[in-house]
Amino acid sequence: MPLEFEDAVSPSGVPYLCIHASGQVSLADGHAFAALIAPGARHHRGLVLSRVAKGTEYSPEVRKFFPTVHEDFTAVAAIVTSPIVRAAINLMLRFANSSGAVLRMFTSETEAMAWLESHVSA
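Residues numbered from 1 in each chain as written. Predicted model: local features only at pLDDT ≥ 70, side-chain atom pairs only at ≥ 80, totals over all residues. Heavy atoms only, no water.

1. Things to note about helix α1 (residues 27-37)
- Among the residues making up α1, those that are buried are Asp29, Gly30, Phe33, Ala34 and Ile37. Angularly, the buried residues of α1 cover 140° about the axis, an arc narrow enough to put them on a single face.
- Buried residues along α1 sit against β1 (3-9), β2 (15-21), β3 (24-25), β4 (46-52), α2 (60-65) and β6 (73-80). (Buried < 20%, exposed > 50% of the residue type's maximum accessible area, 1.4 Å probe, protein only. Helix = DSSP H or I, 4+ residues; strand = E, 2+ residues; numbered from the N terminus. Arc of directions from axis to C-beta. Contact = heavy atoms within 4.5 Å.)

Here it is, written out as structure tokens:
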């Protein structure tokens, strides 16, 4: 599966969902993510760190789907080093930002984690 999920805890003790993205991400992958952040699920309204591998591609269906789950997470920090993948995610961000989603891309995991932890609910 192009999206692999794992429960993780930051160095300061903040739990988050870690996603490893690679290959061809399909609508089925999007639904698997949505199930982990849906109301009643362990990561509902939680933090998400996504590590996106070079060459990852998102199907048109999943690009349309991802913005529909914006209310089910608090923040997503995506670590992306490929300019092509960044462009695809920027396209998804345009749709998500109109709905108030909090998602930001980084090239450094240290910066991504610091930003993500800044979104911990008080």
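That was the structure; now back to the text.
2. Some details on unusual backbone geometry
- One non-glycine residue, Arg45, lies in positive phi territory at about 60°.
- Relative to the helices and strands, Arg45 is located in the loop between α1 and β4.
- A residue is classified by how much of its surface remains accessible, and Arg45, at 42% relative accessible area, is partly exposed.

3. Overview of the pairing of β1
- Here β1 runs beside β2; their pairing, made up of 7 bridges, is antiparallel. Paired with Ala8 across the bridge in β2 is Tyr16.
- In this antiparallel pair of consecutive strands, β1 and β2, the connection spans 5 residues, and Gly13 shows a positive phi of 95°. (Pairing = 2+ DSSP bridges.)

4. A short note on the pattern of salt bridges
- In this structure the tally under the stated criterion is 2 salt bridges.
- Linking Arg42 and Asp7 is a salt bridge whose minimum nitrogen-to-oxygen distance equals 3.5 Å. Of the two residues, Arg42 is situated in the loop between α1 and β4 and Asp7 in strand β1; the sequence distance between them amounts to 35 residues.
- Arg51 serves as the salt-bridge partner of Glu109, at 2.5 Å between the closest nitrogen and oxygen. Pair noted here: Glu109 is in helix α4 (residues 109-117) and Arg51 is in strand β4, with a separation of 58 residues, a long-range link.
- On the accessibility criterion, Arg51 (25% relative accessible area) is partly exposed. (Salt bridge = Lys/Arg side-chain N within 4 Å of Asp/Glu carboxyl O.)

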